[in-house]
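As a plain string of letters, each chain reads:
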Amino acid sequence: MAAPAAMIPYFGQQMSSKNDLVPDWTRQEVSTGTTIMAVEYDGGVVIGADSRTTTGAYIANRVTDKLTPIHDRIFCCRSGSAADTQAIADVVTYHLNVHSGVIELDEPPLVETAANLFRASCYRYREELTAGILVAGWGGVSFKKILNPVAVGGSGSTYIYGFMDSNYKPGLNKDQCLELTAAALSLAMERDGSSGGVVRLATISEEGVERRVILGNQLPKFSSH
Amino acid sequence: MATLAVTRPPFGGFSFENCKRNAVIEGEVNKVGCSLPAARKTGTTICGVIFKDGVVLGADTRATEGMVVADKNCSKIHYISPNIYCCGAGTAADTEMTTQIISSNLELHSLSTGRLPRVATANRMLKQMLFRYQGYIGAALVLGGVDCNGPHLYSIYPHGSTDKLPYVTMGSGSLAAMAVFEDRYKPDMEEEDAKRLVRDAIAAGIFNDLGSGSNIDLCVITKSKVDYIRPHDEVNKKGIRMNETLQLESLC
């Protein structure tokens, strides 16, 4: 997330530069360095994320849950500034509840609706926000097919584009998707300093949401050194 | 990210124009050789831990103004509601006022609902206020309390992000305190063990961080009672003057 940060001047840090007792990282913004991904299969979608939140070089939370529920069967994966993404997710959750509560729809809201709400907030305040969000879920009958069955995001995603290109095939079933996601996240966490901790997975389908955690010592291992 | 920024008239929300002006003023003042008055900061070690029956919050008591200790015994554990307390690190005025504003709003909310306030409500109010001010309110908080759903502990950062965890530390001494927690935290501790753990974590911050010092304050919150223990431990007592020299108490 180095490029956007350089564009936005940080006045807060200039003003308190005199105080040496308070270390630098206490004044830095909390960011979810992150690797997030979502893979669609026939009948649902598998989403996964790492669990590391950093303030500068210090890990503020090593067991973060970056898979945030927006609605019963719609989740978002958050990357970027922790404060910005938490605030946007709260706003979209509120709007979706109003949308399906007040407007009295018979069906659950579409994933596209949630994605459009995110897009509206992110675009309107694009100069002030640092947020990269994947929206995934199971949302009833849709009139438009999702463009990409696979999506990756976050700083660690750059390390696994090659892995995803070579290992993803259309027509995988749920367990294969889970294995692929866990493997890809482990590889990214191995190489990216801003990603780490545990792997959080969630499977969203018509039956509901199934959450799973893979602890550090249970992650798939790839290299011997 | 957009590389061309078109100036548009501000449409609602807080105006941060004066912050640019302040930065320019600071630059001018520094050129002349003076410096702006430093805000009093609580260098600080604050922490909280969830144990079997509730929450233990701990804090040191040193407030600094630049490199000088401004207050040797300041109180960093603030009242939010009868069942919720909040430790504050960062700019002392910001933590004081923020906790007072939310405490007042929460009391009105509690009168309106007719129920004891929930920790999640206080968390939501604090994070929305801090996010609105985009990090310019330098308040890093550890919020803990017991409500109808059990004990809860949150850490709240100045930009408005929050984490809900079983043990948290904040402030300049947070690394030292977190080291103690990571070594000795266990789920479902007894009250005495939890108090000892928090005391040791704050002591680690006091002795290893220059921004923290003086005494250790504790606040134990359970469903039935709140123990505000101030001070719990005086680890930095001033020595007694004997003859011409100052005999120092040994540091434990």
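Residues numbered from 1 in each chain as written. Chains lettered and ligands numbered in written order. Predicted model: local features only at pLDDT ≥ 70, side-chain atom pairs only at ≥ 80, totals over all residues. Heavy atoms only, no water.

A. Geometry of the overall build of chain B. Of regular secondary structure, chain B possesses five helices and 15 strands. Here chain B holds 252 residues, and 49% of them are scored as buried. Taking the contacts inside chain B whose residues are at least 6 apart along the sequence as the reference set, 61% of them involve residues at least 24 apart. Summing over all exposed atoms, chain B offers an accessible surface of approximately 12,800 Å²; the carbon and sulfur share of this is 54%. (Helix = DSSP H or I, 4+ residues; strand = E, 2+ residues; numbered from the N terminus. Buried < 20%, exposed > 50% of the residue type's maximum accessible area, 1.4 Å probe, protein only. Contact = heavy atoms within 4.5 Å. Areas by Shrake-Rupley, 256 points an atom, 1.4 Å probe, with all protein chains shown as cover.)

B. Focus on the overall build of chain A. Each helix and strand in chain A was counted, giving six helices and eleven strands. Here the analysis covers contacts within chain A between residues at least 6 apart in sequence; of these, 65% occur between residues at least 24 apart. In the structure as shown, chain A presents an accessible area of about 11,600 Å², 54% of it carried by carbon and sulfur atoms.

C. Layout of the UniProt feature "active site" (unreviewed entry) in chain A. All names here are of chain A. In this numbering, the UniProt entry assigns the feature "active site" (unreviewed entry) to Thr34. Along the chain, Thr34 turns up in the loop between strand 1 (30–32) and strand 2 (36–41). The contact partners of Thr34, leaving out residues within four places of it in the chain, are Asp50, Lys66, Arg78, Ser79, Gly153, Gly154, Ser155, Gly156, Asp192, Ser194 and Ser195. (UniProt positions renumbered as here; feature names shortened; annotations may be inferred.)

D. Looking closely at the packing of aromatic side chains. All names here are of chain B. A full pass over the atoms with the stated rule returns four aromatic pairs over all chains. Summarising the aromatic geometry, the rings of Tyr79 and Tyr85 are spaced 5.7 Å apart at their centres and angled 85 degrees between planes, so their arrangement reads as edge-to-face. The exposure class of Tyr85 is buried, given its relative accessible area of 11%. With 4.6 Å between their ring centres and 40 degrees between their planes, Tyr167 and Tyr185 make a pair best called tilted. (Phe/Tyr/Trp six-rings, centres within 6.5 Å; stacked < 30°, edge-to-face > 60°.)

E. Geometry of the packing of helix 4 (residues 174–184) of chain B against helix 5 (residues 191–208) of chain B. Residues and elements named next belong to chain B. Close contact between helix 4 and helix 5 brings their axes to 7 Å; oriented N to C, the two are set at 145 degrees. Every pair of crossing elements has a handedness; the one defined by helix 4 and helix 5 is right-handed. In contact with Ala176, Ala177, Val180, Phe181 and Arg184 of helix 4, helix 5 contributes Arg196, Leu197, Val198, Asp200, Ala201, Ala204, Gly205 and Asn208. Looking at the contact of helix 4 with helix 5 residue by residue, the classes come out as eight nonpolar, two polar and three charged. (Axes fitted to C-alpha atoms, helices over the stretch in contact; angles between N-to-C directions. Left-handed = near helix turned anticlockwise from the far one by under 90°. Nonpolar A, V, L, I, M, F, W, Y, C, P; charged D, E, K, R; others polar.)

F. Layout of the sheet that holds strand 3 (residues 54–59) of chain B. Residue and element names in this part refer to chain B. Read across the open sheet, the five strands follow the order 11-2-3-12-13; overall the sheet is antiparallel. Every interior strand has two partners, whereas the edge strands, strand 11 (167–170) and strand 13 (226–233), have only one. For this sheet, the mean inter-axis angle between neighbouring strands, taken without regard to orientation, is 10 degrees. Relative to strand 12 (residues 216–222), strand 3 runs antiparallel, the two being bridged by six bridges. Within the sheet, the bridge partner assigned to Leu57 lies in strand 12 and is Cys219. Here helix 4 sits on the sheet in contact with strand 2 (46–50) and strand 11, set at roughly 160 degrees to strand 11. (Pairing = 2+ DSSP bridges.)

G. Summary view of the confidence of the model for chain B. Model confidence for chain B is summarised by a mean pLDDT of 89, while 89% of its residues fall at 70 or above. Across the predicted assembly, pTM comes out at 0.83 and ipTM at 0.81. (pLDDT = per-residue confidence, 0-100.)

H. Region of interest: the nonpolar core. Membership of the largest hydrophobic core comes to 24 residues, with the highest contact counts inside it found for B:Val49, B:Val56, B:Phe181, B:Met189, B:Leu197 and B:Val198. For this core, the elements supplying multiple residues, two or more each, are strand 2, helix 4, helix 5 and strand 12 of chain B. With eight residues, the single largest contributor to this core is helix 5 of chain B. Excluding residues within four positions of it along the chain, B:Val56 makes contact with B:Cys47, B:Gly48, B:Val49, B:Phe51, B:Ala194, B:Lys195, B:Val198, B:Leu218, B:Cys219 and B:Val220. A:Met37, A:Ile160, A:Leu172 and A:Ala182 belong to the second largest nonpolar core, which has 23 residues in total. (Core = buried A, V, L, I, M, F, W, Y, C linked by side-chain atoms within 4.5 Å.)

I. Region of interest: unusual backbone geometry. Residue and element names in this part refer to chain B. The omega torsion of the bond from Arg230 to Pro231 falls at 0 degrees, within 30 degrees of zero and hence cis. Inspection of the secondary structure puts Pro231 in strand 13. Even without being glycine, Gln134 reaches a positive phi, approximately 50 degrees. The residue Gln134 is located in the loop between helix 3 (119–132) and strand 8 (139–147) in this model. Given the relative accessible area of 27%, Gln134 is considered partly exposed. Even without a glycine there, the phi angle at Ser214 is positive, about 65 degrees.

J. View of the pairing of strand 11 of chain B. All names here are of chain B. Burial along strand 11 is two-sided: the face carrying Tyr167 and Thr169 and the face carrying Val168 and Met170 are both buried. Both strand 2 and strand 11 contribute to a ladder of four bridges, which runs antiparallel. Within strand 11, the position partnered with Cys47 by the bridge is Thr169.

K. Main features of empty space enclosed by the protein. Tallied over the entire structure, the rule returns one cavity of 30 Å³ or more. Within this model, the largest cavity holds a volume of roughly 50 Å³. Lining the largest cavity are A:Tyr58, A:Ala60, B:Ser155, B:Tyr157, B:Leu165, B:Val168, B:Thr169 and B:Met178. Where the lining of the largest cavity is concerned, the elements lending two or more residues are strand 5 (58–61) of chain A together with strand 11 of chain B. (1 Å grid on protein atoms, 1.4 Å probe; cavity = no way out; pocket = protein on both sides within 12 Å on 5 of 7 lines; lining within 4 Å. Points joined across faces, edges and corners; volume = space filled by probe spheres on them.)

L. Structural detail: the sheet that holds strand 2 of chain A. Residues and elements named next belong to chain A. Ordered in space as 9-2-3-10-11, the five strands form an open sheet in which the pairing is antiparallel. One side of each edge strand has no neighbouring strand; the edge strands of this open sheet are strand 9 (150–153) and strand 11 (208–214). Recorded for the sheet is a direction-independent mean angle of 15 degrees between the axes of neighbouring strands.

M. Representation of the pattern of salt bridges in the model. Counted by the stated rule, this structure contains 18 salt bridges over all chains. One continuous salt-bridge network, built from bridges that share partners, spans B:Arg184, B:Arg199, B:Asp200 and B:Asp233. (Salt bridge = Lys/Arg side-chain N within 4 Å of Asp/Glu carboxyl O.)

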